[in-house]
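Listed below are the residues making up each chain.
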Amino acid sequence: MRNPLSTLLIAAALVGGVEAHEIQPMAPSGAAADRFPKPDRPVAEIVSAQWALEKKRDKADEVGQVVALMGIREGQTVADIGAGNGYYVFRLAKLVGPTGRIFAEDITPDYLADLDKKVRESGQTNITVARGEAHDPRLPPASLDAAVLVHMYHEISQPYGLLHNLAAAMKPGGRVGIVDAEDIPSKHGTPPKLLRCELAAAGYKEISLKTLKGGVGYLGIFEAPAAEARPDPATITPCKDETTRKNSR
């Protein structure tokens, strides 16, 4: 006779549609978080799986703008870091096609469970949902042509660690695109000057930084350093968040 508690747990798993513990990292841990300096800025709280209503983002063709500026194309492997509800994931999956792959990475168990359920129900076979850590996306080495971090950079508690470990997952010349609002971190944005400084401190080379049409923020595109060219974590000096200091006076 089945234990009543076991029956309840199985039923709950079936209702939820996915078991979050099944979603695993795609690679071993990289450099530990405590090897890096803490950012000299507030870290925004993760409050939602989506940044704005899809209608607004669709009207602005947010994904289309990002794809065009980053040169993302069919057959490529792309990671959505902090994938949330999967707004970019499914659109990118159609773009890269069956010969490409999308890694939908996040650190929040509920988001991962919901996203994994959506992926299975969609029938799209070129999407892999992956669990990362706040300082490490835990993605396969040298696997990514591109990565996007959309309206979540200000929520990263250890940006230098995440950028360092993300670089190891990029192919040579791999591009990282960061979409964010031009505001202070406590108001869910990142001042472009601060973004540029933090990316440079982690060894990234700026390609471009442009305001997107439709009021959906700006896109900064950076080339990741080769794994062997990444700065030693001990040598990284945190960038000062002068915009927050100025606004708090």
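Every value quoted in this text rests on a predicted model; they were computed, and no experiment measured them.

Visitor: Looking at this structure, how should I read the overall build of the protein chain?
Guide: A tally of regular secondary structure across the protein chain gives eight helices and seven strands. Residue burial in the protein chain is summarised as follows: out of 249 residues, 50% are buried. Counted over contacts in the protein chain with a minimum sequence separation of 6, partners at least 24 positions apart contribute 78%. Summing over all exposed atoms, the protein chain offers an accessible surface of approximately 12100 Å²; the carbon and sulfur share of this is 54%.

Visitor: Looking at this structure, I do not really get the pairing of strand β3 (residues 127-131). What am I missing?
Guide: The two faces of a sheet get side chains in turn, since along a regular strand they alternate between them. The buried count for β3 comes to four of five residues, which makes it a mostly enclosed element. Examined bridge by bridge, strand β2 (residues 101-106) and β3 share five bridges and lie parallel to one another. Note on β3: the bridge partner recorded for A104 is V129. As for the winding sense of the linkage, the β-α-β connection from β2 through helix α5 (residues 109-122) to β3 is right-handed.

Visitor: Help me understand the pattern of salt bridges in this model?
Guide: Should their charged atoms come close, side chains of opposite charge can pair. If you walk through the whole model with that rule in mind, you get seven salt bridges. As a salt-bridge pair, E62 and R57 come within 2.8 Å of each other at their nearest N and O atoms. For the pair E62 and R57, one class covers both residues: buried. Note that R120 is salt-bridged to D116, the shortest N-O span being 3.5 Å. A residue pair is termed a helical-turn pair when its members lie 3 or 4 positions apart in one helix, as R120 and D116 do in helix α5 at four residues.

Visitor: Looking at this structure, I do not really get the state of the cysteines. What am I missing?
Guide: A covalent bond between the sulfur atoms of two cysteines is referred to as a disulfide. Counted by the stated rule, this structure contains one disulfide. A disulfide bridge connects C197 with C239, and the sulfur atoms are separated by 2.1 Å. Here C197 and C239 share a disulfide; its torsion about the S-S bond, -90 degrees, makes the bridge left-handed. In this pair, C197 is assigned in helix α7 (residues 192-201) and C239 in the loop between β7 (218-223) and α8 (242-247), connecting sequence segments 42 residues apart. On the basis of relative accessibility, which here comes to 34%, the residue C197 falls in the partly exposed class. Judged by its relative accessible area of 3%, C239 falls in the buried class.

Visitor: Teacher, can you tell me more about the sheet that holds β3 here?
Guide: As a general point, the strands of a sheet are linked pairwise by backbone hydrogen bonds and lie either parallel or antiparallel. Across the sheet, which stays open at both edges, the seven strands sit in the order β3-β2-β1-β4-β5-β7-β6 with mixed pairing between neighbours. Edge positions in the open sheet fall to β3 and β6 (205-211), since each of these has one partner strand only. Pairwise comparison of adjacent strand axes, ignoring direction, gives a mean angle of 20 degrees for this sheet. In this structure, strand β1 (residues 77-81) lies alongside strand β4 (residues 144-150), joined through four bridges in parallel fashion. Residue pairing for β4: V78 is matched across the bridge by A146. The sheet contacts of helix α6 (residues 159-169) involve β1, β4 and β5 (170-180), and relative to β5 the element is tilted by about 135 degrees.

Visitor: Before we go on, may I ask you to explain the pairing of β4 in this structure?
Guide: For β4, a buried count of seven out of seven residues is recorded, marking the element as mostly surrounded by other parts of the structure. Examined bridge by bridge, β4 and β5 share six bridges and lie parallel to one another. Counterpart to L144 in the pairing with β5 is M170. Crossover handedness for the path β4 to α6 to β5: right-handed.

Visitor: Sorry if this is basic, but what is going on with unusual backbone geometry here?
Guide: Across residues other than glycine, the phi torsion is negative in most instances, and most of the peptide bonds are trans. Of note, D61 is a non-glycine position whose phi angle comes to about 50 degrees, a positive value. Mapped onto the elements of the fold, D61 is located in the loop between α2 (54-59) and α3 (62-70). Of the residues examined, D61 reaches a relative accessible area of 45% and is grouped as partly exposed.

What counts and how
For every chain, the first residue of its written sequence is number 1, and the numbers climb from 1 along that sequence. This being a predicted model, a pLDDT of at least 70 is required before a residue's local features are given, and a value of 80 or more before pairs of side-chain atoms are given or counted; all residues contribute to the totals for chains, interfaces and linings. As a rule here, side-chain values come from all non-hydrogen atoms in the structure, and water together with hydrogens is ignored. Secondary structure counts use DSSP, requiring at least four H or I residues in a row for a helix and at least two E residues in a row for a strand, with both numbered from the N terminus. Relative accessibility under 20% of the residue-type maximum defines a buried residue, over 50% an exposed one, and the middle range a partly exposed one, all with a 1.4 Å probe and only protein chains included. Whether two residues are in contact is decided by their heavy atoms: any pair within 4.5 Å suffices. In these tables, accessible area is a Shrake-Rupley quantity obtained with a 1.4 Å probe, and a residue counts as shielded only by the protein chains included in the view. In this scheme, strands are said to pair when DSSP sees at least two bridges between them. Note on handedness: a crossover is taken as right-handed if, strands pointing away from the viewer, the path from the first strand over the helix to the second is clockwise. The salt bridge criterion pairs a side-chain nitrogen of Lys or Arg with a carboxyl oxygen of Asp or Glu, the two atoms within 4 Å. Any two cysteine sulfur atoms lying within 2.5 Å of each other are counted as a disulfide. Throughout, an axis means a line fitted to C-alpha atoms (over the contacting stretch in the case of helices), and angles, computed between N-to-C directions, take values from 0 to 180 degrees.

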